[in-house]
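Residue-level structural notes
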Amino acid sequence: MIGGTEMTKKIPRKRKNTVEAEAEKGNTEVGVEVEMQGNEVEVEAKRNQVNIKMKVKKNQINEVEVAVKEELTVLKNQKNGNIAPAKKNLESVVEAKLKSVVWQKIKATVFDDCKKEGEWKIMLLDEFTTKLLASCCKMSDLLEEGITVVENIYKNREPVRQMKALYFITPTSKSVDCFLRDFGSKSENKYKTAYIYFTDFCPDNLFNKIKASCSKSIRRCKEINISFIPHESQVYTLDVPDAFYYCYSPDPGNAKGKDAIMEAMADQIVTVCATLDENPGVRYKSKPLDNASKLAQLVEKKLEDYYKIDEKSLIKGKTHSQLLIIDRGFDPVSTVLHELTFQAMAYDLLPIENDTYKYKTDGKEKEAILEEEDDLWVRIRHRHIAVVLEEIPKLMKEISSTKKATEGKTSLSALTQLMKKMPHFRKQITKQVVHLNLAEDCMNKFKLNIEKLCKTEQDLALGTDAEGQKVKDSMRVLLPVLLNKNHDNCDKIRAILLYIFSINGTTEENLDRLIQNVKIENDSDMIRNWSYLGVPIVPQSQQGKPLRKDRSAEETFQLSRWTPFIKDIMEDAIDNRLDSKEWPYCSQYPAVWNGSGAVSARQKPRANYLEDRRNGSKLIVFVIGGITYSEMRCAYEVSQAHKSCEVIIGSTHILTPKKLLDDIKMLNKPKDKISFIKDE
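For the chain, the name recorded in an unreviewed UniProt entry is Syntaxin binding protein 3, with Callithrix jacchus as its organism.

Here it is in structure tokens:
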């Protein structure tokens, strides 16, 4: 038992201001020291006896989180026998599959394309490419590629006419206009020459504008086809949260905006497939709305066009992979349910913004980034909070006993090894303190209000209680939550929604009574507007609820019995059990799906079939309107269970219940035109 709760009982369900880093790589020494002084960052690098000193205004970096946050550990020469960090680096490369693939592609198509030995460049990024680079590399990686300064293209900058500039930007009017201002005329050019790399296809009008204005100053102008963010090793986003409004708002005046969003999303999804070297069979969920169908048709057409144009790619026909496109309304329950796995629970209950967790230790306020570079976070993020609370203290005891055992040895070699391991021990302990604080903060919230809610939510979501008995009266299950004054309105709204989902819609009279009794008239659209996602609210739907996979034999926790729908879909897709009427293909002749890894003797092998088998099949999932952290977890769980198939899940953005309810509430309100729609 943890904190006197029953949640641990398993049942068979029947910026750190100073970073000093030294790296040894052959005979090359690299020393990096970063100090924040007021509003400036000073970076000193010594490389091959060349001293470079640069000052970068912190406000110019803006969102560029690729500043050096960690020690630079290039340890190819393991003269001292310290192999642990090298092993860790290898493991992190294996873990961060999608991020690694994206970085290698950027390295090959951008940096290797314009790199010259001993030459340093200034790099210009816009808002999207800042997030893209921050997700897959660090400032130390950019230093190795000859980048001295990273600048925000939107900001005013001092000219550095003796240096070349590398522009990595999106093909939008805003970014192109900023580039053109840097090269207004030869006498006013801010930089010596320009190398331009666009994330995606550049419209002809923008290309011609560049060509007419400053073609003589440009050494390269290329499109690299990476227009998505690798959020995690098996998760990507298109970084277009406002697409939710345009896809689901009932306002007929948004039709043009919706079409533009659909086109832009299709272009971005094609770059996901291209980066993974896949030309998948495209399928979509035919209900509840037609957004998935429209987007799937666009993606199929653009994939066909891409592989006709892309001369370098060896893949022309369909590969043994699938792309599933789904509307957000397919599983409303998983978006509002309280999850008790570590990552989903933390992002739901705590004010974590931009993956930054703030906490207090020893009376001091500190910050920690929850990222995949933290191997402990990767190890425990998908585990139940009860397991996490048991595991972290065990790890701390292990480190303590290891240190004591080492300290008992007094030989010179033993002391040398101990000195080498001390930073590693400190780093491990720091991580464990962070995650212990994070887990305790989650548990404090849980004990305060959430524990009682969870039982109600699970009973409503599943229609059965922990003993497997059918819930006969859903309203009787709901009422104690509505009458409890300790629950805030947001939690009550989530419970009401689960009640409505459980009975597949309700009457107008019943809904009005619920809203009035709980006094949530101002937030009633958080409930009513679900109908725009194709979810039955009023009146009650006569169609039966979709059948769920029987998971009664699986071991689980009493307060975590619900399994997201997406897991059923992933497993059925891999086992080739998806109904072709409910999940039609867009292409007329898709390649034979072989997600389970079985090989048919009749199947005629293609030229790259062996390569496909070596890499394993891929199931790529895209959800229009956001994914939850619990759905992200399912991609890892299914990949782990089906070794022959890797599941990669993505969406327009990542949801938390509170943010989603705010977005739902806004659907029937007017919205100004947004800036990210791709230029005509």
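**Details of the sheet that holds strand β11 (residues 229-232)**
The sheet built from 6 strands is open, its strands ordered β11-β12-β19-β18-β14-β13 with mixed pairing. Strands with a single pairing partner mark the edges of an open sheet, and in this sheet they are β11 and β13 (281-284). Going from strand to strand, the sheet's axes swing by 25° on average, the running direction of each strand aside. Summarising the sheet, β13 and strand β14 (residues 321-327) pair through 4 bridges and their orientation is parallel. Bridge assignment links Gly281 to a residue of β14, and that residue is Gln322.

**Considering the confidence of the model for the chain**
Mean pLDDT over the chain stands at 80; residues scoring 70 or higher make up 75%. Here residues 1-96 is modelled with pLDDT under 50, and outside its nearest four sequence neighbours on either side it reaches 193 contacts, counting other chains as well. This stretch, residues 673-680, has a pLDDT under 50; its non-local contacts, to residues over four places away or in other chains, come to 21 contacts.

**Details of helix α6 (residues 173-182)**
When α6 is considered as a whole, its buried residues turn out to be Ser175, Val176, Cys178, Phe179, Leu180 and Asp182. On its buried side, α6 packs onto β8 (164-169), β9 (194-198), α7 (204-214) and β10 (218-223).

**Quick look at the nonpolar core**
Grouped together as the largest cluster of nonpolar side chains are 154 residues, with contacts concentrated most on Ile106, Ile325 and Trp530. Broken down by element, the residue count for this core peaks at 11 residues, all from helix α15 (residues 412-462). Leaving out residues up to four positions away in the same chain, Ile325 has contacts with Val282, Arg283, Tyr284, Lys285, Ala292, Leu295, Ala296, Val299, Trp583, Phe622 and Ile624. Grouped together as the second largest cluster of nonpolar side chains are 24 residues, Val149, Met163, Phe179 and Ile210 included.

**A few points about the packing of helix α17 (residues 489-502) against helix α23 (residues 657-665)**
Close contact between α17 and α23 brings their axes to 11 Å; oriented N to C, the two are set at 75°. Between α17 and α23, the interaxial angle falls into the category roughly perpendicular. In contact with Cys490, Ile493, Arg494 and Leu497 of α17, α23 contributes Pro657, Lys658 and Leu661. Of the residues in the contact of α17 with α23, the class split is 5 nonpolar, no polar and 2 charged.

**Digging into the side chain of Asn279**
Position of Asn279 relative to the elements: it lies in the loop between α9 (255-275) and β13. The exposure class assigned to Asn279 is buried, which follows from its relative accessible area of 5%. A polar side-chain atom of Asn279 sits 3.3 Å from the main-chain carbonyl oxygen of Gly317. Engagement of the side chain of Asn279 in a polar contact is seen with the side chain of Lys318, the distance being 3.3 Å.

**Quick notes on the sheet that holds β9**
Strand order in the open sheet made by the 5 strands is β7-β6-β8-β9-β10, with parallel pairing throughout. Only two strands of the sheet have a single neighbouring strand rather than two, namely β7 (147-152) and β10. Strand-to-strand twist across the sheet, computed as the mean angle between neighbouring axes with direction ignored, equals 15°. Pairing geometry for strand β6 (residues 121-125) and β8, over 5 bridges, is parallel.

**Some points on the pairing of β6**
Counting buried positions over the 5 residues of β6 gives 5, a clear majority of the element. Residues Lys121, Met123 and Leu125 of β6 are buried on one face, and the alternating residues Ile122 and Leu124, pointing to the opposite face, are buried as well. Here β6 runs beside β7; their pairing, made up of 5 bridges, is parallel. The partner of Leu125 across the bridge, within β7, is Asn152.

**Digging into the pairing of strand β16 (residues 364-369)**
Relative to β16, strand β15 (residues 356-361) runs antiparallel, the two being bridged by 6 bridges. Bridged to Lys360 within β16 is Glu365. In sequence, β15 turns back onto β16 through a hairpin of 2 residues, with Asp362 there showing a positive phi of about 55°.

**Digging into the pattern of salt bridges**
Applying the stated criterion across every chain, the model contains 45 salt bridges. Put simply, Lys318 and Glu300 hold a salt bridge, and the shortest N to O gap is 3.1 Å. Linking Lys318 in the loop between α10 (291-309) and β14 with Glu300 in helix α10, this pair joins segments that are 18 residues apart in sequence. Judged by relative accessible area, which is 12%, Glu300 ranks as buried. Here Glu391 makes a salt bridge to Arg379, at a shortest N to O gap of 3.1 Å.

Definitions and limits used
- Residues numbered from 1 in each chain as written.
- Predicted model: local features only at pLDDT ≥ 70, side-chain atom pairs only at ≥ 80, totals over all residues.
- Heavy atoms only, no water.
- Pairing = 2+ DSSP bridges.
- Helix = DSSP H or I, 4+ residues; strand = E, 2+ residues; numbered from the N terminus.
- Axes fitted to C-alpha atoms, helices over the stretch in contact; angles between N-to-C directions.
- pLDDT = per-residue confidence, 0-100.
- Contact = heavy atoms within 4.5 Å.
- Buried < 20%, exposed > 50% of the residue type's maximum accessible area, 1.4 Å probe, protein only.
- Core = buried A, V, L, I, M, F, W, Y, C linked by side-chain atoms within 4.5 Å.
- Parallel < 35°, antiparallel > 145°, perpendicular 65-115°, else oblique.
- Nonpolar A, V, L, I, M, F, W, Y, C, P; charged D, E, K, R; others polar.
- Polar contact = N/O pair within 3.5 Å; in protein donor to acceptor, adjacent residues only side chain to side chain.
- Salt bridge = Lys/Arg side-chain N within 4 Å of Asp/Glu carboxyl O.

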